[in-house]
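A look at the structure
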Amino acid sequence: MSTVASEQSAFENILSIKAKTLRINLNRNIYGTFAEIGAGQETARQFFRAGGASGTIAKAMSAYDKAFSDAIYGIEDDGRYVTQARLKRMLVHEMNLVEERISRENNPDYLFFTYANTVATIDFSKRYKGHGWVGIRFQLDPKQKEYDEIILHVRFKQNEARLQQETLGTLGVNLIHGAFFKHSEPRVLLKELYDHIDKDILEIDMINFIGPSFKDVDNRLMSLQLIRNDMTDAVMFGPDGNNLLPAAVLYKKNILALRGSFRPVTKVNMDMFQKSYDIFIREQTVEYENTIVVFEITLSNLKASGEIDEQDFMDRAELLSSLGHTVLISKFQEYYKLVEYFNNYTKARLGLTMGINNLIDVFDEKYYRHLSGGILEAFGKLFFKDLKVYLYPMKDPDTGQIMTSNNVKVHPRMKELYKFFKYNGKVMDIIDYDPDIMHIFSREVLKRITNGEDGWEEMLPEGIAEMIKKKQLFQRKELAEKEKA
């Protein structure tokens, strides 16, 4: 079958929205409530329009007025309404009502669910496109005591509130259908959230699967799928492995970002982080309580060996999480795109920690040929804001010379441009580095690990070597190939 034919066949196999709603409405056991705030009752409307909803929908409501909403769900600590905390309150409250009001004795086979969303659509000035939290709390067995949950965050890209409402209604149907009929295939469920929705009009930038039915689901891998499926440009997860909403984590924060392969994380990586953080935190405009450090891995870095190796990704994530760090996975190969992304959420001081080789790449014109303004346009975006680069030195393997911002060799055409940023304080050397670890490179450590050589343990932060050995990180593929041989 040709590619076009297979794509057409796949498209024809997608259930219509009406077919999905009917499949749920005609299931005598699926029973629950809808609570929608901020964008109409678009999801419930789809179920009412399909017919047969009387056996499915116990209640559909929308507490639009803030006073009413607070009276029902309580007041959030931050006073906001379009938040994950608000969505969770809605889900728990509505499910408690279902349990209180529906007799299990008379309805022993009911599978309870509560669908909720709290959304802000595009404003009148069209400055803010709109976003929202969407979730479902449900059970797959009537005797199930601990409920399952799927919670996600969306960003709208359409320029009309009506269109955003319709998109939300379609997404809601896809989510409810997926929860009941695709829960065992979370990757498929994720893709099917976009059934009848163009990716150009909706971004999903966070999703978490929670509960007994998803005990084997690693949300970091689900996060990776959002990037791989072109659902978003960047995802973030915390030390606990759960996905975070970048907008919430980065909002109005001072951000220090360290880009690397972290394959594995080495003493050099940690020295770069610690020494640059010590400088960053002493900057006049940086507040300690309002600062976040982000370890960033680009998608192109994950593809360095060809296609993305999910186990390799998880190995890196495991090590960074064990060290207590927040990780960002992004599509931003060029640094200026990363800075633009951060600037969407904060106007506070930004810091980029990088090595000499990274800085040389930043001043390489070939990365900016696609821009009409070339490297000047990119640098305008990169250095225009309140940003500093913290430069970690490197020892020249041939001469033994220590390379810093003062003797780094950029392309001759870029020398004057480099001097401009250097003398304006945009590039700062890390001077209290550890000279005894400058020979350590992640790629060399990885080579030793995969070849079964000795001597790599001392190149890693405390506890990391033990974890790699215990969990056989970065070795599974090689071990499997040896077993086959």
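Residues numbered from 1 in each chain as written. Predicted model: local features only at pLDDT ≥ 70, side-chain atom pairs only at ≥ 80, totals over all residues. Heavy atoms only, no water.

1. Thoughts on the overall build of the protein chain
- Of the regular secondary structure elements, the protein chain holds 19 helices and 16 strands.
- For 485 residues, the compact-globule estimate of 2.2 N^0.38 gives 23 Å, and the C-alpha radius of gyration of the protein chain, at 25 Å, lies within 12% of that figure.
- Taking the principal axes of its C-alpha atoms as reference, the protein chain extends roughly 80 × 60 × 50 Å.
- Per-residue burial over the protein chain gives 53% buried out of 485 residues.
- Of all intrachain contacts in the protein chain linking residues separated by at least 6 positions in sequence, the fraction that spans at least 24 positions is 71%.
- Carbon together with sulfur atoms contributes 49% to the accessible area of the protein chain, which is approximately 23,400 Å² in total.
- The average position of the 65 basic charges and that of the 69 acidic charges among the side chains of the protein chain differ by 3 Å. (Helix = DSSP H or I, 4+ residues; strand = E, 2+ residues; numbered from the N terminus. Rg over C-alpha atoms; globule rule 2.2 N^0.38 Å. Buried < 20%, exposed > 50% of the residue type's maximum accessible area, 1.4 Å probe, protein only. Contact = heavy atoms within 4.5 Å. Areas by Shrake-Rupley, 256 points an atom, 1.4 Å probe, with all protein chains shown as cover. Lys, Arg positive; Asp, Glu negative; His and termini not counted. Charge placed at Lys NZ, Arg CZ, Asp CG, Glu CD.)

2. Here we look at the pattern of salt bridges
- Here the structure, examined in full by the defined rule, presents 31 salt bridges.
- Lys20 is the partner of Asp195 in a salt bridge, and the nearest nitrogen-oxygen pair spans 2.8 Å. Of the two residues, Asp195 sits in the loop between helix H7 (186-192) and strand E6 (202-210) while Lys20 sits in helix H2 (residues 17-25), which places them 175 residues apart along the sequence. Taken as a pair, Asp195 and Lys20 share a single burial class, namely buried.
- Here Glu416 and Lys419 are joined by a salt bridge, their closest N and O atoms 3.6 Å apart. Of this pair, Glu416 and Lys419 are both found in helix H16 (residues 415-423), three residues apart, which corresponds to roughly one turn of the helix.
- Judged by relative accessible area, Glu416 falls into the exposed class, the value being 55%. (Salt bridge = Lys/Arg side-chain N within 4 Å of Asp/Glu carboxyl O.)

3. So, the confidence of the model for the protein chain
- Across the protein chain, the average pLDDT comes to 90, with 94% of residues at or above 70.
- Low pLDDT (under 50) marks residues 1-11, which in the prediction has two contacts with non-local residues, meaning those over four places away or in another chain.
- Predicted confidence for residues 478-485 stays below pLDDT 50, and this span has two contacts to residues more than four positions away or in other chains. (pLDDT = per-residue confidence, 0-100.)

4. Comments concerning the environment of Leu168
- Secondary-structure assignment places Leu168 in helix H6 (residues 161-181).
- On the basis of relative accessible area, Leu168 is assigned to the buried category, the value being 0%.
- As a C-alpha pair, Leu168 and Val119 span 49 residues in sequence and 9.1 Å in three-dimensional space.

5. Some remarks on the packing of aromatic side chains
- This structure, assessed with the given rule, holds 24 aromatic pairs.
- Summarising the aromatic geometry, the rings of Tyr31 and Tyr110 are spaced 4.5 Å apart at their centres and angled 15° between planes, so their arrangement reads as stacked. Of the two residues, Tyr31 is situated in strand E1 (residues 30-37) and Tyr110 in the loop between helix H5 (84-101) and strand E3 (111-120); the sequence distance between them amounts to 79 residues.
- Take Tyr110: its relative accessible area is 18%, and that puts it in the buried class.
- For the pair Tyr110 and Phe112, a centre-to-centre distance of 6.3 Å together with 65° between the ring planes defines the contact as edge-to-face. (Phe/Tyr/Trp six-rings, centres within 6.5 Å; stacked < 30°, edge-to-face > 60°.)

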